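# Residue-level structure breakdown
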Amino acid sequence: MNILETLNNLVDQTAFMNLSVGNYIMIIVACGFLYLAIRRGYEPLLLIPIAFGMLLVNMYPDIIAEPVNGGSGGLLYYFYQLDEWSILPSLIFMGVGAMTDFGPLIANPKSFLLGAAAQFGIYGAYFLAIFLGFNGEAAAAISIIGGADGPTSIFLAGKLQQTALLGPIAVAAYSYMSLVPIIQPPFMKLLTTEAERKIKMEQLRPVTKLEKILFPIVVTIIVVMILPTTAPLVGMLMLGNLFRESGVVKQLSDTASNALMYIVVIMLGTSVGATTSAEAFLNVNTIKIVILGLVAFSVGTSAGVIFGKLMKVVTGGKVNPLIGSAGVSAVPMAARVSQKVGSEADPTNFLLMHAMGPNVAGVIGTAVAAGTFMAIFGVK
């Protein structure tokens, strides 16, 4: 009898006896993400940890359980706290800064306008989210998906205390980041003519080392003085870039852009994936968030291209409108898409460096949008 009881207890403890239909659906979704990451190469550094966190939490929910009565919480609960406290997203920005060359943006400051234009998707999605019944803070957190910037989406959701929506928001943001090569080209081709896609741009001027050193310092002072709430993101982005460009702290630059960056990606990705339990993810709000994210991203891409067409007219045909689509902040993938679509029209057309200007401007623009929402809602 004791043996039977023991066996029954063991069977009752298996995941098979405790999973809902929703859990099985999320396990399938997780495996789908793993397929896209491994087989298709869609942002594997992000999708693999997110998908695996999703897989774990839907088989063993306690892996992200909060501590109860002084006990210990689940492993990924402690990772997730670093998301809520905005530590991991800020460290990601430092790593991005250490890996990013702002030279194309410095050489062509007009790129800032293209990066700003691409943020229209964010503000448009904000008002649409309000219309769909979300409150102001939730709408703001959701709308940042339009910048195709996962860390900023997580950062703002945490700051605005939208933790219940953080999982769907983060998964949508990172999914759209990985699907940039699929989502953007149809809008880019629809809004431009073949002649416009063939426009060749003049080579960018050389940028001095002094300019590259001064840029992160000046941008930090200007942006943070105007909008102090941007300090965690813009400050860390520019600190990482100063490590890179100063030339005197190679160890810090290498650590921020390699070892630290990858450690943070592991912790951020798995903890975000672990917020996607079936109960939290399979609901109407998730569907709304996914749709709003797609609308925001599509509008941002389109707004960047349309503003690029305007700049083409103003400059007498010297600007290829395709680089405007890179104003979303998926660095450097959005810039590569601009290059790819341009080279399809003319294999001798090289737009990558020109597109990197709006691309890195979009990173700053999305951080500024997040800071603006924080200021509106009185969050510091």
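One can find the structure itself at the top, above this paragraph.
Notes on the structure in this doc start here.

So, how was this worked out
- Residues numbered from 1 in each chain as written.
- Predicted model: local features only at pLDDT ≥ 70, side-chain atom pairs only at ≥ 80, totals over all residues.
- Heavy atoms only, no water.
- Core = buried A, V, L, I, M, F, W, Y, C linked by side-chain atoms within 4.5 Å.
- Buried < 20%, exposed > 50% of the residue type's maximum accessible area, 1.4 Å probe, protein only.
- Helix = DSSP H or I, 4+ residues; strand = E, 2+ residues; numbered from the N terminus.
- Phe/Tyr/Trp six-rings, centres within 6.5 Å; stacked < 30°, edge-to-face > 60°.
- Lys NZ or Arg CZ within 6 Å of the ring centre and 35° of its normal.
- 1 Å grid on protein atoms, 1.4 Å probe; cavity = no way out; pocket = protein on both sides within 12 Å on 5 of 7 lines; lining within 4 Å.
- Points joined across faces, edges and corners; volume = space filled by probe spheres on them.
- Nonpolar A, V, L, I, M, F, W, Y, C, P; charged D, E, K, R; others polar.
- Salt bridge = Lys/Arg side-chain N within 4 Å of Asp/Glu carboxyl O.
- Polar contact = N/O pair within 3.5 Å; in protein donor to acceptor, adjacent residues only side chain to side chain.
- Contact = heavy atoms within 4.5 Å.

## Details of the nonpolar core
F102 and F134 are the most contacted members of the largest nonpolar core, which totals 104 residues. Element by element, the count of residues in this core is highest for helix α21 (residues 352–376), at 11 residues.

## A short note on the packing of aromatic side chains
According to the stated counting rule, one finds seven aromatic pairs in the structure shown. Ring geometry for F102 and F215: centres 5.1 Å apart, planes at 35 degrees, overall tilted. Placement of the pair is F102 in the loop between α5 (87–99) and α6 (103–107) and F215 in helix α14 (residues 209–226), with a sequence separation of 113 residues. A relative accessible area of 3% places F102 in the buried class. Each ring, one from Y126 and one from F373, has its centre 5.1 Å from the other, and the planes form 40 degrees; the classification is tilted. Residue Y126 is found in helix α8 (residues 120–131), and its partner F373 is found in helix α21; the two are separated by 247 residues along the sequence. When its relative accessible area of 15% is taken as the criterion, Y126 is described as buried. In this structure F373 comes out as buried when scored by relative accessible area, which is 2%. Joined through ring pairs, the aromatic side chains of Y123, Y126, F127 and F373 make up one cluster. Between the NZ or CZ atom of K288 and the centre of the ring of F134, over which it lies, the distance is 5.7 Å.

## Focus: the layout of surface pockets
Estimates place the volume of the largest pocket at around 640 Å³. Lining the largest pocket are 25 residues, and of these V96, M99, M261, V331 and P332 lie nearest its centre. Elements with a contribution of two residues or more to the lining of the largest pocket: α3 (44–59), α5, α11 (163–178), α17 (259–273), α20 (333–345) and α21. Take the lining of the largest pocket: its biggest share by element is four residues, from α5. Per-class residue counts for the lining of the largest pocket are 19 nonpolar, two polar and four charged. By volume, the second largest pocket is sized at about 330 Å³.

## Here we look at unusual backbone geometry
Unusually for a residue other than glycine, S86 sits at a positive phi of about 65 degrees. Assignment of secondary structure puts S86 in the loop between α4 (75–84) and α5. For Q161, which is not a glycine, the phi torsion comes out positive at approximately 60 degrees. Note that Q161 resides in the loop between α10 (150–159) and α11.

## Quick word on the pattern of salt bridges
As enumerated under the stated definition, the model contains 10 salt bridges in all. Residues D346 and K200 are paired through a salt bridge, measuring 3.8 Å at the closest nitrogen-oxygen approach. Separated by 146 residues along the polypeptide, D346 in the loop between α20 and α21 and K200 in the loop between α13 (194–197) and α14 bring together distant segments of the chain. The exposure class assigned to D346 is buried, which follows from its relative accessible area of 17%.

## A word on the side chain of T229
Locating T229 in the fold gives a position in the loop between α14 and α15 (231–246). For T229, a relative accessible area of 15% puts it in the buried group. Only 2.7 Å separates the side chain of T229 from the backbone oxygen of G371, close enough to count as a polar contact. Residues contacting T229, with those up to four places away along its chain left out, are G371, T372, M374, A375 and V379.

## Observations regarding the environment of N23
Counting through the fold element by element, N23 comes out in helix α2 (residues 21–38). As a C-alpha pair, N23 and L132 span 109 residues in sequence and 27 Å in three-dimensional space. A polar atom in the side chain of N23 sits 2.9 Å from the backbone nitrogen of S20. There is a polar contact of 3.1 Å between the side chain of N23 and the side chain of N58.

In short, shape yes, function no, at least from these values alone.
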